[in-house]
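Now for the letters of each chain:
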Amino acid sequence: MASVTLRKLWKKYGNFVAVSDLSLEIAEKEFLVLLGPSGCGKTTTMRMVAGLDYASSGDIYIDDRRVNDVLPKYRDVAMVFQSYALYPHMTVYQNIEYPLRVRRVPDEERRTAVMRAAGMVAIEELIDRLPKQLSGGQRQRVALARALVRRPNLFLMDEPLSNLDAKLRVHMRAELKHLHHELGITTIYVTHDQIEALTLATRVAVMNKGILQQLATPREIYNDPANLFVAGFIGSPGMNFLKGELTDGRFQGPDADIPDLIKGRHPDVVLGIRPEDLAVVADGAGHLGGKVFSVELTGESALLTATVGGELVTVRVDKDFCADIDAPVRLAVNTTRCFLFDARSEQRLR
Amino acid sequence: MAGTTTESQESGLKPQHQRWLAAIALVFAVAYTLFPVLWLLNNSFKTRLDMFSSPPIYINGNPTLFNYIQAFVERPFLQYMLNSAIVAICTTLLSLTAGTLAGYALARYDYGRAKKHISMWILSTRMMPPIVSIIPLYIMFSYFSLLDTKTALVVAYSGFNLPFVVWMMKSYFAEIPRDLEESAQVDGDTNLGALFRVILPLAAPGLAATSIFCLILSWNEFLLALIVTNTDRANTLPIGIAGRITQYKVEWGEISASGFAACVPIVLFAFVVQRHLVRGLSFGAVKG
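Computed from a predicted model, the values in this text were never measured in an experiment.

## Some words on the pairing of strand S4 (residues 57-62) of chain A
Residue and element names in this part refer to chain A.
Link 1 in the chain: As defined by bridge partners, strand S1 (residues 4-13) adjoins S4 across five bridges and the pair is classed as antiparallel. Considered in S4, the bridge of Leu6 is made with Ile60.
Link 2 in the chain: Between S4 and strand S5 (residues 65-66), which pair antiparallel and follow one another directly, the connecting turn spans two residues, one of which, Asp63, has a positive phi of 55°.

Quick look at the structure:
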C-alpha cells in the first residue's frame with residue numbers, strides 16, 4: 001500500500017485560487033477524508049492526486065515517487081466518481097474487467113479477478129446486466145468492484161455516496177468501512193457530509209476556500225476544533241456561538257455570564273458550545289438566560305432552541321422535555337467544554 | 001389517450017375518423033414524394049416508343065432491360081458508379097476521421113479564447129457558396145496534377161464536409177460526461193484508448209447521422225465534378241447521367257435506368273443506419 005505526500009500544493013484557475021499551499025502526509029493504509037463545503041478545493045486536490053488535473057505548483061508524492069508529471073495510468077490509483085462513471089455500453093462484467101483489459105491481463109486471470117471483485121461487493125448475479133438496468137446502490141457497487149479489481153495502491157473516492165438515498169447511504173458507509181478494514185488500501189475520500197467523515201476517517205482534513213483548516217482524527221476535530229470554521233462545520237446540530245468579552249477567565253455577553261474559562265483578556269471573542277454541553281436548569285441558576293423559540297422532537301432526544309441575547313442557541317434535551325414558546329428559560333453550560341475564538345482572526349484561544 | 005380525447009373534442013371528430021384523415025393525408029404525401037421515383041423506375045423498363053406514347057403508359061405490360069444493358073454494359077455507367085462509390089466512401093472516411101478528432105479536441109480541450117475563434121473559423125468556411133471556391137480549387141488541382149482524378153474529388157468533398165462533421169461531432173462529444181474518459185484514464189487507458197473504447201461507441205448515433213450526410217453530399221455533388229473531371233476514369237454518376245443529354249438527343253432510357261440505380265445504394269445505406277439516424281439527429285437537442 002502507498003503513502004501520499006502533498007507539499008506546498010497550489011492550484012490556480014486564472015486569478016481564482018482553488019487550492020492554496022496545501023501540505024499533507026497520508027500514511028499507508030490510512031483512510032483520510034477531505035471534508036469541506038462546495039468549492040473548498042477538496043475535489044481539486046483529489047483530482048491532482050489522480051493525475052486528472054495539473055498542480056500549478058508544489059509536489060505530489062506517491063510513496064517516494066514524485067508524480068506531478070506522471071499520467072494517471074502510471075500512478076496505480078483507482079477512483080470512484082460521484083456519478084460512478086460506469087461505461088453505459090458495457091455490461092457489469094465488462095465494466096469491472098476494463099482496468100485489466102487495458103493492461104492486457106490474460107483472459108483466465110481476468111475472469112478470476114472480476115469474479116473475486118464482484119464477490120467482494122456481492123454483485124455476482126448482476127454480472128451480465130447493463131448499468132441502466134441497475135439501481136443506484138448496485139451501480140455504486142459496480143464502481144467499487146471496478147476500482148477493487150486490480151488491487152490498486154491508492155483508492156480515491158469522490159463523494160461516492162452522495163447520489164444514494166439516506167438509508168442506502170448508511171448501509172454503504174458501513175460496507176466501505178468494512179472493506180477498508182479487510183483490504184487496508186490507503187484511501188482518500190472526498191465528502192461534504194461530516195457524518196461520513198467522522199464515521200469513516202482515520203484522519204479528517206477540513207478545508208475551506210482552498211486552505212487546510214485542520215488535520216486531525218475525527219475525535220480531535222469534534223472535541224478540539226482549531227478555529228471557528230471547523231467548530232461550526234462539524235456537528236449536527238451545529239455548535240452555538242455567542243459574541244462577548246473575556247475578562248480574567250469570565251465570558252460576558254448579552255444575557256450570558258460564564259466564569260472559570262481560560263485566563264486572559266480579550267475584548268472581542270466568540271464562545272462556542274455544543275448543544276449536548278448545555279442543560280436546562282431552574283430559575284436563577286445557570287449561565288445563560290433566554291426565551292424558548294421552539295422544541296423539536298428528533299426521536300431519541302429533543303432539541304430546544306432558545307433566544308439568548310438575540311442569538312439562537314440549540315440545546316439537546318430529554319425527549320420528554322416540554323416548554324411553551326416564549327417561556328423564560330435558564331441554561332447551564334459545561335464550562336470544561338466551552339471553546340473560545342478570537343472574533344477577528346477566528347482562531348481558537350487556548 | 002387523454003390527449004387524443006381532448007384533440008377529438010377540439011376538432012369535433014371521432015378518433016376513428018381522425019385516423020382515417022391522417023391516413024389519407026399520408027397517402028397523398030407519400031404519393032407526391034414517391035411518384036417521380038416510381039415514374040423513373042417505370043420509364044427505366046420502357047422502350048423509347050412507350051416512354052413517349054400518348055396517353056402515358058402507367059402500367060408497363062412489356063418491361064425491357066434494354067436501358068439497363070445500354071447503360072451498364074454498352075456504356076461505362078458501372079465505372080461511373082464505382083467512381084462515385086470510391087469517392088463517396090473515401091470522402092466519408094476521411095472527413096469522419098479528421099472531423100471526429102477535431103470535434104473531440106474542440107469539445108474537450110481548452111485553448112482559452114482561441115477555442116471559440118477556431119470553432120467559428122471552421123464554421124465560416126461553410127458560409128461561403130461552394131461555387132466561389134471552384135476556380136481556386138481548379139488552379140490548385142492543376143498545379144498538383146490532380147485534374148481528372150478521384151483524389152481531387154475526395155480532397156475537395158472532404159473540405160466541404162469537414163465543418164459539418166466537426167460541428168456535429170463536437171456537439172455529440174459535449175453531451176458525453178467527461179467523467180467517463182477520466183475514469184478510463186485512471187483505470188489505465190490512454191487518452192486515445194479512452195476515446196476509441198469508451199467515447200466513440202457512445203457517439204455511434206452521431207457518427208451514423210454524420211456519415212450519411214457526408215455520403216449523400218459526395219454521392220450527389222455535380223458542379224465540382226463537372227469542372228474537375230472529364231474522362232471515364234474519374235467521372236462520377238451525376239456527370240455520367242448528365243452526359244446522356246447530348247447536342248442531338250436525350251437518352252431518357254439510360255438516364256432513367258442509371259438515375260434509379262444511383263438512388264439504390266443511398267436508400268439501402270439509409271435503411272441500415274435509420275435507427276441511429278433518428279436517434280442521432282435528436283440526440284443533444286434537449287437536456288435531461
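And the narrative resumes.
## Digging into the interface of chain B and chain A
Link 1 in the chain: Of the residues lining the interface, 17 residues belong to chain B; the matching set on chain A comes to 23 residues.
Link 2 in the chain: Approximately 1,600 Å² of surface area, both sides summed, lies buried where chain B meets chain A, with 60% of it carried by carbon and sulfur atoms.
Link 3 in the chain: Three residues, Glu182, Val186 and Asp187 of chain B, lead the burial of chain B against chain A; their summed loss comes to 38% of the area buried on that side.
Link 4 in the chain: Scanning the region where chain B abuts chain A turns up two salt bridges.
Link 5 in the chain: Among the ionic pairs, Arg47 of chain A bridges to Glu182 of chain B, the shortest N-O distance being 2.6 Å.
Link 6 in the chain: Joining chain B to chain A, the criterion identifies 11 residue pairs in polar contact (both at pLDDT 80 or more).
Link 7 in the chain: For the side of chain B that touches chain A, the elements supplying multiple residues, two or more each, are helix H9 (178-186) and helix H10 (191-202) of chain B.
Link 8 in the chain: Of all the elements, H9 of chain B adds the most residues to the side of chain B that touches chain A, at seven residues.
Link 9 in the chain: Partitioning the side of chain B that touches chain A into residue classes produces seven nonpolar, five polar and five charged.

## A few points about unusual backbone geometry
All names here are of chain A.
Link 1 in the chain: In this model, Ser236 is joined to Pro237 through a cis peptide bond whose omega is -5°.
Link 2 in the chain: Among the structural elements, Pro237 can be located in the loop between helix H8 (228-233) and strand S11 (240-247).
Link 3 in the chain: Phi at Arg151 takes a positive value of approximately 50°, unusual for a residue other than glycine.
Link 4 in the chain: Relative to the assigned elements, Arg151 resides in the loop between helix H4 (136-148) and strand S7 (154-158).
Link 5 in the chain: Arg151 sits in the partly exposed class, given a relative accessible area of 41%.
Link 6 in the chain: The backbone phi angle of Lys209 is positive, close to 50°, even though this residue is not glycine.
Link 7 in the chain: One can find Lys209 in the loop between strand S9 (203-208) and strand S10 (211-216).
Link 8 in the chain: Lys209 sits in the exposed class, given a relative accessible area of 65%.

## Considerations on the side chain of Gln140 of chain A
Link 1 in the chain: Along the chain, the position of Gln140 of chain A falls in helix H4.
Link 2 in the chain: Here Gln140 of chain A is in contact with Val80, Tyr84, Pro160, Leu161, Leu164 and Met172 of chain A, once residues within four sequence places are set aside.

## Digging into the nonpolar core
Link 1 in the chain: One finds Leu156 and Ile188 of chain A together with Phe173 and Val198 of chain B to be the most contacted residues of the largest nonpolar core, which totals 56 residues.
Link 2 in the chain: In terms of residues, this core owes the most to one element, H10 of chain B, which gives six residues.
Link 3 in the chain: Residue contacts for Leu156 of chain A: discarding those within four places in its chain leaves Met46, Val49, Ala50, Val77, Ala78, Met79, Val80 and Ile188 of chain A.
Link 4 in the chain: Within the second largest apolar cluster, 49 residues are counted, among which are Leu86, Ala113, Ala145 and Val206 of chain A.

## Details of the pattern of salt bridges
Link 1 in the chain: Enumeration according to the criterion identifies 23 salt bridges over all chains in this entry.
Link 2 in the chain: Here Arg146 of chain A and Asp187 of chain B are joined by a salt bridge, their closest N and O atoms 3.5 Å apart. Residue Arg146 of chain A is located in helix H4, and its partner Asp187 of chain B is located in the loop between H9 and H10; the two belong to separate chains. Asp187 of chain B carries the same exposure label as Arg146 of chain A, and that label is buried.
Link 3 in the chain: Connected via shared salt-bridge partners are Arg75, Arg244, Lys249, Glu251 and Glu254 of chain B.

## A look at the environment of Arg330 of chain A
Residues and elements named next belong to chain A.
Link 1 in the chain: Position of Arg330 among the secondary structure elements: in strand S19 (residues 328-333).
Link 2 in the chain: Among the residues examined, Arg330 registers a relative accessible area of 24% and is labelled partly exposed.
Link 3 in the chain: As for Arg330 and Asp283, which are separated by 47 residues in sequence, their C-alpha atoms are 6.1 Å apart.
Link 4 in the chain: With sequence-adjacent residues up to four places away left out, Arg330 is seen in contact with Ala279, Val280, Val281, Ala282, Asp283, Gly284, Ala285, Gly286, His287, Leu288 and Gly289.
Link 5 in the chain: Reaching out from Arg330, the side chain makes a polar contact with the backbone oxygen of Ala285 at a distance of 2.8 Å.

Conventions we followed
- Residues numbered from 1 in each chain as written.
- Chains lettered and ligands numbered in written order.
- Predicted model: local features only at pLDDT ≥ 70, side-chain atom pairs only at ≥ 80, totals over all residues.
- Heavy atoms only, no water.
- Pairing = 2+ DSSP bridges.
- Helix = DSSP H or I, 4+ residues; strand = E, 2+ residues; numbered from the N terminus.
- Contact = heavy atoms within 4.5 Å.
- Buried area = accessible area lost by both parts, 1.4 Å probe.
- Salt bridge = Lys/Arg side-chain N within 4 Å of Asp/Glu carboxyl O.
- Polar contact = N/O pair within 3.5 Å; in protein donor to acceptor, adjacent residues only side chain to side chain.
- Nonpolar A, V, L, I, M, F, W, Y, C, P; charged D, E, K, R; others polar.
- Buried < 20%, exposed > 50% of the residue type's maximum accessible area, 1.4 Å probe, protein only.
- Core = buried A, V, L, I, M, F, W, Y, C linked by side-chain atoms within 4.5 Å.

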